[in-house]
Amino acid sequence: NSDDDSSAQLNWMPIGGVSTSQVSQVGFLGRLDTRGMQGEYLLRLSVLSKNGERTVNTVSVFVEHERPRLVVAEPLDGFITDEPLIVVSGETEANVQVTINDEQVKLEPASQTAHFDASLLLEEGENIITVVAQHTEFGSKKTNSKSGLETVVQRRVFLDTQGMVINVDSPKDFEVVNVPYVTV
């Protein structure tokens, strides 16, 4: 394509046809049926003015129809611990960014999947752990965009460093009972 400065050859396919009417809605020119499409695409708008001047604008878009797979192996939901430092671990797809409570996690890629392990410091009581997986690689480009589909898994974890306290109201201290067992 002579309009493209890159070394890769692009094949342009018209998606809207020719229009001679004025655009009536700012920011909206038409719809593109993306069924069967996945990955990065370049959209190019070519406008020819009344005086014959051509304006061309190209934008890169990423089409995805499925949320990334995300499995959080540990901790289990409702986990109770007396250790303030726990490990959050699991796996997802390659080319996915994972965050735990909004902090990016390093992934260990292995073919089509990637594993993650991260230590997390808990606060006393209930802690909500939010793990998010989102595609970040579009072809040869990496992005920090939050516009893609994401998978979110939440876990409730409880830190209890105080231990349980049991109050025994009956029998009273040093009270003698004449039964083989006592209900507490």
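Here is a short report on the structure shown in this document. (Residues numbered from 1 in each chain as written. Predicted model: local features only at pLDDT ≥ 70, side-chain atom pairs only at ≥ 80, totals over all residues. Heavy atoms only, no water.)

**A word on the sheet that holds strand β7 (residues 103-105)**
Okay, so step 1: In spatial order, the strands read β4-β13-β10-β6-β7; together these five strands make up an open sheet with mixed pairing. Each end of this open sheet is capped by a strand with a single partner; those strands are β4 (79-81) and β7. Along the sheet, successive strands turn relative to each other by an average axial angle of 30°, direction set aside.
Okay, so step 2: Pairing geometry for β4 and strand β13 (residues 150-159), over three bridges, is parallel. Within β13, the position partnered with Ile80 by the bridge is Phe158. (Pairing = 2+ DSSP bridges. Helix = DSSP H or I, 4+ residues; strand = E, 2+ residues; numbered from the N terminus. Axes fitted to C-alpha atoms, helices over the stretch in contact; angles between N-to-C directions.)

**Looking at the environment of Glu74**
Okay, so step 1: On the secondary structure map, Glu74 appears in strand β3 (residues 70-74).
Okay, so step 2: When the C-alpha atoms of Glu74 and Val87 are compared, they prove to be 7.2 Å apart, with 13 residues separating the residues in sequence.

**Description of the pairing of strand β2 (residues 54-63)**
Okay, so step 1: With ten bridges joining them, strand β1 (residues 39-48) and β2 adopt antiparallel strand pairing. The residue of β2 that forms the bridge with Gly39 is Val63.
Okay, so step 2: Between β1 and β2, which follow one another and run antiparallel, lie five residues, and Gly52 among them has a positive phi close to 90°.

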